[in-house]
Amino acid sequence: MQDKKGVIVAVVNNKGGVGKSTICVNLGYALTTLDRRVLVVDLDSQCNTSKLLMKT
Ligand SMILES: Nc1ncnc2c1ncn2[C@@H]1O[C@H](COP(=O)(O)OP(=O)(O)OP(=O)(O)O)[C@@H](O)[C@H]1O
Ligand SMILES: [Mg+2]
């Protein structure tokens, strides 16, 4: 059964191109395999995370 409380995970690093988006996508996917409901929010104008997640 799902916990009622949500957990917010932020992946932050001032440096560009260090794997922030990659970590978000893979962590999000890994949590779904543990039966967790996941919402990934992509606020980056590059939309890299959205593009990665929309690939099927
Ligand atoms: N663990 C890793 N090993 C090798 N390459 C990686 C790893 N993690 C990410 N990369 C590669 O590094 C590049 C940058 O990754 P990513 O786009 O996730 O970084 P970012 O921190 O989100 O960048 P930005 O600051 O531009 O948003 C991508 O080409 C990705 O495939
Ligand atoms: Mg990124």
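See the structure shown above.
These numbers were taken from a predicted model, which means no experiment stands behind them.

The rules behind each value
- Residues numbered from 1 in each chain as written.
- Chains lettered and ligands numbered in written order.
- Predicted model: local features only at pLDDT ≥ 70, side-chain atom pairs only at ≥ 80, totals over all residues.
- Helix = DSSP H or I, 4+ residues; strand = E, 2+ residues; numbered from the N terminus.
- Buried ≥ 20, exposed ≤ 12 C-beta atoms within 10 Å, placed from the backbone.
- Near = placed C-beta within 6 Å.
- Nonpolar A, V, L, I, M, F, W, Y, C, P; charged D, E, K, R; others polar.
- Contact = placed C-beta atoms within 7 Å.

S.K.: Would you take a moment to explain the overall build of the chain for this structure?
M.R.: Across its full length, the chain holds 2 helices and 0 strands. With the C-alpha coordinates of the chain rotated into their principal frame, the extents come out at 35 × 30 × 15 Å. Evaluated residue by residue, the chain yields a buried proportion of 4% over its 56 residues.

S.K.: I tried to follow the site of ligand 1 on my own but got confused; where do I start?
M.R.: Taken together, Gly16, Gly17, Val18, Gly19, Lys20, Ser21, Thr22, Asp44 and Asn48 make up all the residues around ligand 1. Ranked by residue count, the leading element in the shell around ligand 1 is helix 1 (residues 20-33), at 3 residues. Residues that form the shell around ligand 1 fall into these classes: 1 nonpolar, 6 polar and 2 charged.

S.K.: Looking at this model, I keep getting lost on unusual backbone geometry. Mind explaining?
M.R.: The phi torsion of most residues other than glycine is negative, and most of the peptide bonds are trans. Unlike most non-glycine residues, aspartate 35 shows phi in positive territory, near 70°. If you trace the backbone, aspartate 35 turns up in the loop between helix 1 and helix 2 (48-54). Accessibility expressed as a C-beta count within 10 Å gives 8 for aspartate 35, which makes it exposed. One non-glycine residue, cysteine 47, lies in positive phi territory at about 60°. Here cysteine 47 is to be found in the loop between helix 1 and helix 2. What makes cysteine 47 exposed here is the crowd of 12 C-beta atoms within 10 Å.

S.K.: What should I look at first to understand the environment of valine 18 in this one?
M.R.: Relative to the helices and strands, valine 18 is located in the segment before helix 1. Sequence separation between valine 18 and cysteine 47 is 29 residues, and the spatial gap between their C-alpha atoms is 16 Å.

S.K.: Any chance you could explain the environment of aspartate 42 here in plain terms?
M.R.: Relative to the elements of secondary structure, aspartate 42 occurs in the loop between helix 1 and helix 2. Residue aspartate 42 is classed as partly exposed on the basis of its C-beta count, with 16 C-beta atoms lying within 10 Å. For the pair aspartate 42 and valine 9, spaced 33 residues apart in the sequence, the C-alpha separation amounts to 13 Å. Not counting residues within four places of it along the chain, the set of residues in contact with aspartate 42 comprises Cys47, Thr49 and Ser50.

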